[in-house]
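Coordinates in review
If you want the building blocks of each chain, they are given just below.
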Amino acid sequence: RKYIAAQFSNLNNMQQEAVLTTDGPLLLLAGAGSGKTFVLVQRLLSRILDKDNPCNIDDFLIITYTRAAAADLKNKIRSELGKLISAQPNNMHLQKQLQLIHTAKIGTTHSFCASLLRQWAGKLGIDPGFRIMDEDESNMLLSKLCSRLLDEKYEENDSVFFTLVDTLGSGRDDSKLAQS
């Protein structure tokens, strides 16, 4: 708790409470620039440095909204660990945490779900080497699928389909239908 006490000069009362609360999950809701990342880093370090029950960084699951936010968070944790190791160069637990940062579960909801799918791929009957399409690939595939579907519908000569195309395309073309 010495580590936490030294950090309190930078935390307001609510931030201190967020760092020290250890009984169950915690939801941090605050605006941009309010110190959420700082509080999260301090909370994580307080658990890692707990004298009675020290945790490892890879014991946690930390979900962010973007890959950039996850990378930023990892860098901030790495930086803080570096400072602590400089002050305590013989602390093997801290050294271990710096090594574990590479395997820590810090990422987006998508990356977490993908890791679960890979972990259970055999039971799910999917290839564990799958990859997630990027937005451009997804748009291209969707465009091809839509084009093929439209071609099939035109070949069927379905009057209901032609009415839909006329209605959405104002009698000109089917581009609006493809966008819908």
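Here the structure is shown first, and the text comes after it.
Throughout what follows, the structure given in this document is the object of discussion. None of the values given here were measured: they were computed from a predicted structure. (Residues numbered from 1 in each chain as written. Predicted model: local features only at pLDDT ≥ 70, side-chain atom pairs only at ≥ 80, totals over all residues. Heavy atoms only, no water.)

Looking now at the nonpolar core. Membership of the largest hydrophobic core comes to 20 residues, with the highest contact counts inside it found for L44, I57, I77 and I106. Looking at this core, the elements with two or more residues in it are α3 (36–48), α4 (67–87) and α5 (92–100). Ranked by the residues each element gives to this core, the list is headed by α4, at six residues. Residues within four places of I77 in sequence aside, it is in contact with V41, L44, I57, I101 and I106. (Core = buried A, V, L, I, M, F, W, Y, C linked by side-chain atoms within 4.5 Å. Buried < 20%, exposed > 50% of the residue type's maximum accessible area, 1.4 Å probe, protein only. Helix = DSSP H or I, 4+ residues; strand = E, 2+ residues; numbered from the N terminus. Contact = heavy atoms within 4.5 Å.)

So, about the pairing of strand β1 (residues 61–64). Here β1 shows a clear split, with I62 and T64 buried on one side and none of L61 and I63 buried on the other. Pairing of β1 with strand β2 (residues 105–108) involves four bridges; the strand directions are parallel. When the bridges of β2 are listed, I63 appears paired with G107. (Pairing = 2+ DSSP bridges.)

For the pair α3 and α4, interaxial distance at closest approach is 10 Å and the crossing angle is 50°. By the angle between their directions, the pair α3 and α4 is classed as oblique. The crossing of α3 and α4 is right-handed. Each of T37, L40, V41, Q42, L44 and L45 in α3 lies in contact with α4, whose residues at this interface are L73, K76, I77, E80, L81 and L84. Partitioning the contact of α3 with α4 into residue classes produces eight nonpolar, two polar and two charged. (Axes fitted to C-alpha atoms, helices over the stretch in contact; angles between N-to-C directions. Parallel < 35°, antiparallel > 145°, perpendicular 65-115°, else oblique. Left-handed = near helix turned anticlockwise from the far one by under 90°. Nonpolar A, V, L, I, M, F, W, Y, C, P; charged D, E, K, R; others polar.)

The subject of this paragraph is the packing of aromatic side chains. By convention here, two paired aromatic rings are described through the distance between centres and the angle between planes. Inspection of the entire model under this criterion finds three aromatic pairs. Taking 5.9 Å as the distance between ring centres and 50° as the angle between the ring planes, the aromatic pair formed by F161 and F162 counts as tilted. Residue class for F161 comes out buried when judged on its relative accessible area of 8%. Through pairs of rings, three or more aromatic residues link up here, namely Y154, F161 and F162. The lysine or arginine in question, R118, covers the ring of F130, its NZ or CZ lying 4.2 Å from the ring centre. (Phe/Tyr/Trp six-rings, centres within 6.5 Å; stacked < 30°, edge-to-face > 60°. Lys NZ or Arg CZ within 6 Å of the ring centre and 35° of its normal.)

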